[in-house]
Amino acid sequence: MSTVKRQDEIGNLTLAVQSMASKLEQRTQKISHLAYHDALTDLPNRTRFIQHLQGTIKSYPATSFSVLFVDLDEFKVINDNYGHDSGDFLLMRLAEKLSTCAREITNDHPLTMISRIGGDEFLMLIPHLKTTEDVDALVKKIFLAVRSPILMENEELVVGGSIGIARYPQNGKTAEDLIKNADIAMYRAKADGKNTHKVFTPKMLKSVTHRANIERELRRSLADLQQFELWFQPLVCLKTGRIMGAESLVRWRHPVLGIVPPTDFIPIAEETAMILPLGQWLIERLCFQIQQWMPYFAHDFHVSINISSKQLYRQNLVEMFAFYMEKYHVPARTIRMEITESLLLQDEDEAERTLKEIRASGIEVWLDDFGTGYSSLSYLRRFTVDGIKIDQSFVRDIITDSKDQQLVQAMVAMANNLDLLVVAEGIETKEQANTLARIGCEIGQGYYFDKPMPVDDFVKKLINESESNVIEFKL
């Protein structure tokens, strides 16, 4: 073989090796990029953000900066209504907005970083935020960017977000602590009504720790539902003082924590879907208790039960009530189901269908917390209900506030015209009860009559009234 030919072959081989090396390097770079960037938005991912945050803390320990945890509000609704492709498009547009906003705010500061860490959650590292005014100005600009309309399927969508902020070094000196505390602050922003921001405080950590403990114990308690009890608060005729029924209220008697307030565990049960097995047990327990009390009932005696949104939309309530009413030989007229307006908002068509079936079975449906929502009157027009419960916020100042008195009077008059019964909640004084009776409210509930009480105490009260036939509360 000639020297020239051999040199050509060596040259070709060298070029091939160089080409393969170049392609290998490109593939390596691509794999490395994918390992540290979000596939949808091409923003740095959580791993890269943590690396950057750790490097910033190590290299610039005296520099002040903040970690922002941004989470969209009600993003699931967009996915459900428009599909996941549209949801992805919205996330890409939002990533662009946040990136542009951050560059403008920090003048392309090298420490600035925006990261998508999954779903609709973003992390931002923003340097040089020394005062509350600096933080407020930053958040204002971010909200303006996030809330600017996005055109999607010929519609302009406006999304909201909740932002949690942890500042270095006040709120944490490690990447882990800063991200965790920003996350905690974000959840506090959501709990306070969403579409707002919160800066982390140590008190928030205590609250989160308490919540985590309650959630853990709540999960354990589902294996022993006997920790839960139904308590009952009387519903009293405002004209005669006779006990006409009761509202059933769940109480959790934990073997170590004692009585856990419903405000501590009901929201957690709702969010985690633990309300489903608990709610089924409560319906069965209610039917059992009504069976036990039947000898002491007047014909119109009834017991109400509160129904959550997950029960309404994810459990077959009609079949469940029918099964337990048959098992315990309980007539439907003895049960009232209480719902709130916020429950109806989630899926009006499904709610309307279910409520019609519930009422067709003979169970009455009542609208709870009436007057506190945005569309109470429109819901009375669309959804057929049997009664309303006027929220205690209107009853509280009914003696001293003429506007509240006029509003309650208007609610009662409207309900009477629609052939609906009315219960006033939160009655604490004789004067409130007298005023409500005078303006035509039929039934009252509140501490003036009795607090919620365990089963045995309520049974004694029923028996005493049945035996004495004495009006318990003379107004």
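Residues numbered from 1 in each chain as written. Predicted model: local features only at pLDDT ≥ 70, side-chain atom pairs only at ≥ 80, totals over all residues. Heavy atoms only, no water.

Caption draft 1: How the structure looks around the sheet that holds strand β6 (residues 160-168). Ordered in space as β2-β3-β1-β6-β7, the 5 strands form an open sheet in which the pairing is mixed. Only two strands of the sheet have a single partner each, and these edge strands are β2 (113-118) and β7 (197-199). Each adjacent strand pair in this sheet contributes to an overall mean axis angle of 20°, direction not counted. Of the pairings in the sheet, the one linking strand β1 (residues 65-73) to β6 comprises 9 bridges and is antiparallel in character. When the sheet's bridge partners are listed, V67 is paired in β6 with A166. (Pairing = 2+ DSSP bridges. Helix = DSSP H or I, 4+ residues; strand = E, 2+ residues; numbered from the N terminus. Axes fitted to C-alpha atoms, helices over the stretch in contact; angles between N-to-C directions.)

Caption draft 2: Just the packing of aromatic side chains, in detail. Summed over the entire model, instances satisfying the criterion amount to 10 aromatic pairs. Residues F228 and W252 carry aromatic rings whose centres are separated by 5.6 Å and whose planes lie at 25° to one another, so their mutual orientation is stacked. Highlighted residues: F228 in strand β8 (residues 228-237) and W252 in strand β9 (residues 243-254), separated in sequence by 24 residues. Given the relative accessible area of 2%, F228 is considered buried. One aromatic cluster is present, built from ring pairs that chain together F228, W252 and F265. Seen from the ring of F143, R147 lies directly overhead, with NZ or CZ sitting 4.1 Å from the centre. (Phe/Tyr/Trp six-rings, centres within 6.5 Å; stacked < 30°, edge-to-face > 60°. Buried < 20%, exposed > 50% of the residue type's maximum accessible area, 1.4 Å probe, protein only. Lys NZ or Arg CZ within 6 Å of the ring centre and 35° of its normal.)

Caption draft 3: Region of interest: the nonpolar core. By size, the foremost hydrophobic cluster in this structure holds 81 residues, and its most contacted members are F321, M337 and L436. The element best represented in this core is helix α9 (residues 275-293), accounting for 10 residues. Other than its neighbours up to four places away in sequence, L436 contacts L238, V395, I398, V408, A424, I427 and C441. Listed in part, the 31 residues of the second largest apolar core include M124, L138, V139 and L157. (Core = buried A, V, L, I, M, F, W, Y, C linked by side-chain atoms within 4.5 Å. Contact = heavy atoms within 4.5 Å.)

Caption draft 4: The packing of α9 against helix α11 (residues 317-327), seen in detail. Put simply, α9 and α11 touch, their axes get as near as 9 Å, and they point 35° apart. Note on packing geometry: the crossing formed by α9 with α11 is right-handed. For the pair formed by α9 and α11, the contact residues are Q280, I283, E284 and C287 on the first element and L317, M320, F321, Y324, M325 and K327 on the second. By residue class, the composition of the contact of α9 with α11 is 7 nonpolar, 1 polar and 2 charged. (Left-handed = near helix turned anticlockwise from the far one by under 90°. Nonpolar A, V, L, I, M, F, W, Y, C, P; charged D, E, K, R; others polar.)

Caption draft 5: Representation of the pattern of salt bridges within the structure. Taken as a whole, this structure holds 23 salt bridges when the rule is applied. Of the charged contacts in the structure, one is a salt bridge between R211 and E271, with a shortest N-O distance of 2.7 Å. Of this pair, R211 sits in helix α7 (residues 202-221) while E271 sits in helix α8 (residues 262-272), and the two are 60 residues apart along the sequence. A relative accessible area of 53% places E271 in the exposed class. Salt-bridge contacts for E350 lead to R353; the nearest nitrogen and oxygen are separated by 2.5 Å. Placement of both E350 and R353 in helix α13 (residues 348-360) is noted, with a separation of 3 residues, approximately one turn of the helix. (Salt bridge = Lys/Arg side-chain N within 4 Å of Asp/Glu carboxyl O.)

Caption draft 6: Representation of unusual backbone geometry in the model. The amide bond that connects Y168 to the next residue, P169, takes the cis arrangement and shows omega of 5°. Tracing the sequence through the fold places P169 in the loop between β6 and α6 (175-191). Despite not being glycine, D42 has its phi angle at roughly 65°, a positive value. Assessed through its relative accessible area of 45%, D42 is described here as partly exposed. Unusually for a residue other than glycine, D369 sits at a positive phi of about 55°.

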